[in-house]
Amino acid sequence: MRSAAILAALPLVLAAPSKRASPAPLVKPRNAEIIDGKYIVKMKSTIGVQALESHKSLISAKADYTYKSHKFVGFAASLTADEVEKLQNSADVEYIEHDAVVRAYATQENADWGLARISNTDASSSTYTYDDSAGEGVCAYIVDTGIDVEHEEFEGRATFASNQVDSDDTDGNGHGTHVAGTIGSATYGVAKKVALYAVKVLGADGSGTNSGVIAGMDFVVTDAPERDCPKGVVVNLSLGGGVSDSVNEAAANVVSAGNFMAVAAGNEASDASTSSPASEPSVCTVGATDNTDTLAEYSNFGSLVDILAPGTDIESTWPGGQTNTISGTSMASPHVAGIGAYFLGLGAASVDELCEYIASVAQADAISGVPSDTVNLIIHNDS
């Protein structure tokens, strides 16, 4: 009987996972919305059913799925950190990957050329292809002339958050409403589910003061943590003036507080180092292109420009339920704020590396007329 008891224990010993010299890779999907605590455990294709079941027995939760077809062997389940580590140390595990959300892609026919350009490789398309997550869970602050928050294109997602210039909580100019529309309106927006917040720092004539602009940026730093922005915060400044240390420092403060900031490079056809806040290195400075894939004749340029985006003849929202078509690096910058919100919604990058990520997935060397000291990268949503 003693001998039989020993022999009966042998199959269990043989079925136990063997150790490995270094842990199996833990992989995070690119451009994905990660599901916390959920993982896919990919086993080596040569293991048998008994070894697969032995690994499943190491976890406390029931496996959501078991895979054993052809060369794909493994399972998906909720795992604790300790269970992940234990499985990583098994010689039978090829890798473990974070589980992530999958969605159908949406397309928009007859889109504005600038919107269509960011999901295509030339300026001739009129179709905008994008993930339907569309920036949901991200807050976008538009530091500008205000927003017509009642415009039906904003679908109730726009809020007048602050007024640093007058007592009129409307957009008497139109510029801010246009910018907000490019970031997140239903028809013209890059990130169609983002929450929009107006920070008014320019009056009806489109002008303001450095002190007012700084007050607006200061408001963003204190207000953003109080909002429901689980995926992060983007800030757009389609404005500028002469080089100002205080404006640049205020912009840097917004970024260091954990927010992404897109800034228009300027419309002087000169080096972006000549204006603020475009000359602040920590912001994402945006030059403009036209619908022939040429650097816009008015766009500032130079080594401080981080990325290019459509800026000429851009159609977007306008006060009073209207639309308007206008041009400028002011129109290019919100394309970048919008694509930043889009990528944050996908979980593709963290806020502090978002400008670099946008550049890394941009289309290279597609724009003509770009000076040698300026990046030749036009934004792309990687769809």
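Computed from a predicted model, the values in this text were never measured in an experiment. Counting from 1, residues in each chain are numbered in the order their sequence is written. Where local features are concerned, this predicted model is filtered to residues with pLDDT of at least 70; where side-chain atom pairs are given and counted, the filter is 80 or more; whole-chain, interface and lining totals use all residues. The side-chain figures draw on all heavy atoms in the structure; neither hydrogens nor water molecules are used.

**Q** Before we move on, can you summarise the overall build of the protein chain with the specific residues and values?
**A** Across its full length, the protein chain holds 9 helices and 20 strands. Burial here depends on accessible area, computed with a 1.4 Å probe over protein chains only, as a share of the maximum for the residue type. Under 20% is buried, over 50% is exposed, and the range in between is partly exposed. The buried share of the protein chain, taken over its 383 residues, is 53%. Put simply, of all contacts in the protein chain between residues at least 6 apart along the chain, 72% involve residues at least 24 apart. For the protein chain, the accessible area works out to roughly 16,300 Å², and carbon and sulfur atoms hold 50% of it. Strands here mean DSSP runs of E at least two residues long; helices mean DSSP runs of H or I at least four residues long; both are numbered from the N terminus. We call two residues in contact whenever any of their non-hydrogen atoms come within 4.5 Å of each other. Under the convention used here, a 1.4 Å probe and the Shrake-Rupley method define accessible areas, while residue burial counts only the protein chains that appear.

**Q** Could you give me a rundown of the packing of aromatic side chains, with the residues and numbers involved?
**A** For Phe, Tyr and Trp, rings pair up if their centres lie within 6.5 Å, where Trp contributes its six-membered ring, and each pair is then called stacked (planes under 30 degrees apart), edge-to-face (over 60) or tilted (otherwise). Per the stated rule, a full pass over the model turns up 3 aromatic pairs. Each ring, one from Tyr141 and one from Tyr197, has its centre 5.2 Å from the other, and the planes form 25 degrees; the classification is stacked. With Tyr141 in strand β8 (residues 138-144) and Tyr197 in strand β10 (residues 195-200), this pair connects stretches of sequence that are 56 residues apart. Connected via pairs of aromatic rings, a cluster forms that spans Tyr342, Phe343 and Tyr357.

**Q** Can you explain the environment of Ala224? Please cite residues and give values.
**A** Following the sequence through the fold, Ala224 ends up in the loop between α6 (210-223) and β11 (232-237). A residue is classified by how much of its surface remains accessible, and Ala224, at 8% relative accessible area, is buried. In this structure the C-alpha to C-alpha distance between Ala224 and Ala140, which are 84 residues apart in sequence, comes to 9.4 Å. Every residue in contact with Ala224, bar those within four places of it in the chain, is listed here: Tyr141, Cys229, Val233 and Asn259.

**Q** Can you lay out the pattern of salt bridges for me, pointing to particular residues and giving the numbers?
**A** What counts as a salt bridge is simple: a side-chain nitrogen of Lys or Arg found within 4 Å of a carboxyl oxygen of Asp or Glu. Taken as a whole and assessed by the stated rule, the structure comprises 6 salt bridges. Between Glu155 and Arg157 there is a salt bridge, with the nearest N and O atoms lying 3.0 Å from each other. Using a relative accessible area of 49% as the deciding quantity, one classes Glu155 as partly exposed. For Arg157, a relative accessible area of 16% corresponds to the buried category. The residue Asp166 makes a salt bridge to Lys200 at a minimum N-O spacing of 3.2 Å. Pair noted here: Asp166 is in the loop between β9 (158-163) and α5 (175-184) and Lys200 is in strand β10, with a separation of 34 residues, a long-range link. On the basis of relative accessibility, which here comes to 1%, the residue Lys200 falls in the buried class.

**Q** Please provide a residue-by-residue account of helix α8 (residues 329-346), values included.
**A** Side chains three or four residues apart in an α-helix point the same way, a direct result of the helix having 3.6 residues per turn. Take the residue count of a helix, subtract one, and multiply by 1.5 Å to get its expected span. Here α8 is 18 residues long and its end C-alpha atoms lie 26 Å apart, about the 26 Å a rise of 1.5 Å per residue gives. Judged by how many residues are buried, α8 sits mostly within the fold: 18 of 18 residues are covered. Remark: Gly347 follows α8 within two positions and exhibits a positive phi of approximately 75 degrees.

**Q** Residues and numbers for the layout of surface pockets, please.
**A** Quantified by volume, the second largest pocket comes out at close to 200 Å³. Together, 15 residues line the second largest pocket, and Leu239, Gly240, Gly266, Asn267 and Glu268 are the ones closest to its centre. For this classification, Asp, Glu, Lys and Arg are treated as charged, while Ala, Val, Leu, Ile, Met, Phe, Trp, Tyr, Cys and Pro are nonpolar and the rest, including Gly, are polar. Class assignment for the residues of the lining of the second largest pocket results in 3 nonpolar, 11 polar and 1 charged. The rule is simple: put a 1 Å grid over the protein atoms alone, call a set of points where a 1.4 Å probe fits but cannot get out a cavity, call an open set with protein on both sides within 12 Å along at least five of seven lines a pocket, and count a residue as lining if it has an atom within 4 Å of a point. Grid points are joined across faces, edges and corners, and a volume is the space filled by probe spheres set on the points.

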